[in-house]
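Coordinates in review
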Amino acid sequence: MAGSKATAEAIRAHLPMDERLEQPRQLNALLRHMGQWRSSVLGNTYFRHHGLTIYAGVFKGMEYLDHSTEGCLLPRLLGCYEQELHDDLRTFADEGLDAIVDIGCAEGYYAVGLARLMPEVTVHAYDTEARARQSCLALAEKNGVSDRIQIGETFSGDMFEAFTDRRTLVMIDTEGFEEQLMRPDEWPALAKLAVVMETHPDKHPDIVTTMHQRFSATHDIQVRRTALRVSDLPEWLLALPQLDQLIATWEFRATQTPWFVMRPKDWSTAA
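The sections below set out a description of the structure shown in this document. Keep in mind that this is a model prediction, so the values were computed, not measured.

Focus: the pairing of strand 1 (residues 99–103)
Walk down a regular strand and you will see the side chains alternate between the two sheet faces. The element strand 1 is largely enclosed, with a buried count of 5 among its 5 residues. Here strand 1 shows two buried faces, one formed by A99, V101 and I103 and the other by I100 and D102. Pairing of strand 1 with strand 2 (residues 122–126) involves 5 bridges; the strand directions are parallel. Bridge pairing in strand 2 links V101 to H124.

Set out below in structure tokens:
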């Protein structure tokens, strides 16, 4: 199995013979590699039972790809990925949107999922990685929403202005670049846009405080933190040991990455 070979090589790289296994850093590296390997094995079992159809959650029924361009795949397929946002996304759908801007779209989990959830909405998806853009297009075509998803490469702050005449939600997950891009002092148009933003304290330790300071004057802010997954799991997975169930829903995160869910204070009367 290719995944087993890659895991073995990664473990050898992290566990040189002149270091003791008892060191916490080494044990943690070993645990992460083994957990990711087991997740890939469980993913193969998922394929045999369900194909590539998302099992549950806010995007239940979406046909997915056999890979993710970043991070875990199995939690996406199970439908518990970033479960802390599910109620917020359903609320936005109920309130009604005209456009979604997905910055850092990867293979299109949110771009395509939200296009399916909100059939009247146009999604503008951006990613600097060519492989991610290609995968996003393939996922959109697979789910019949490619006519409502516009895919671009780089999003810059001056582009926010083009969306202020519509009820627009900005989703952003850019592995730390949010600190530079999400600046309402430089891009006043942000004051009129709803935002769902992942922050990365591992890259910017003060990012949560910083974003509160930047947006508290214009937005109502809620912070969603990663928690243990409570999910509608398939019977075959419930029959496996609890550790497998935990690994199946694990998102490979090394640290907390709090999400900001922000609505303009005048959202109810927004254009």
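Overview of the packing of helix 4 (residues 86–95) against helix 5 (residues 109–117)
The N-to-C vectors of helix 4 and helix 5 enclose an angle of 45 degrees; their axes lie 11 Å apart at closest approach. By the angle between their directions, the pair helix 4 and helix 5 is classed as oblique. Viewed along their axes, helix 4 and helix 5 form a crossing whose handedness is right-handed. Together, H86, L89 and A93 of helix 4 and Y109, Y110, L114 and L117 of helix 5 make up the contact between the two elements. When grouped by side-chain class, the residues that make up the contact of helix 4 with helix 5 number 6 nonpolar, 1 polar and no charged.

Calculation notes
Along each chain, residues carry numbers from 1 onward, in the same order as the chain's sequence is written. With the structure being a predicted model, the display of local features is reserved for residues of pLDDT at least 70 and the display and counting of side-chain atom pairs for 80 or more, all residues being used for whole-chain, interface and lining totals. The side-chain figures draw on all heavy atoms in the structure; neither hydrogens nor water molecules are used. Relative accessibility under 20% of the residue-type maximum defines a buried residue, over 50% an exposed one, and the middle range a partly exposed one, all with a 1.4 Å probe and only protein chains included. What counts as a helix is a DSSP run of H or I of at least four residues, what counts as a strand is a run of E of at least two, and both are numbered from the N terminus. DSSP calls a pair of strands paired once it identifies at least 2 bridges connecting them. For helices, the fitted line uses only the C-alpha atoms of the stretch in contact; every axis is such a line through C-alpha atoms, and the angle between N-to-C directions lies from 0 to 180 degrees. An angle below 35 degrees is read as roughly parallel, one above 145 as roughly antiparallel, one from 65 to 115 as roughly perpendicular, and any other as oblique. Left-handed describes a crossing in which the near helix is turned anticlockwise from the far one by less than a right angle; the clockwise case is right-handed. Whether two residues are in contact is decided by their heavy atoms: any pair within 4.5 Å suffices. Polarity classes work like this: nonpolar for Ala, Val, Leu, Ile, Met, Phe, Trp, Tyr, Cys and Pro, charged for Asp, Glu, Lys and Arg, and polar for all others, with Gly in that last group.

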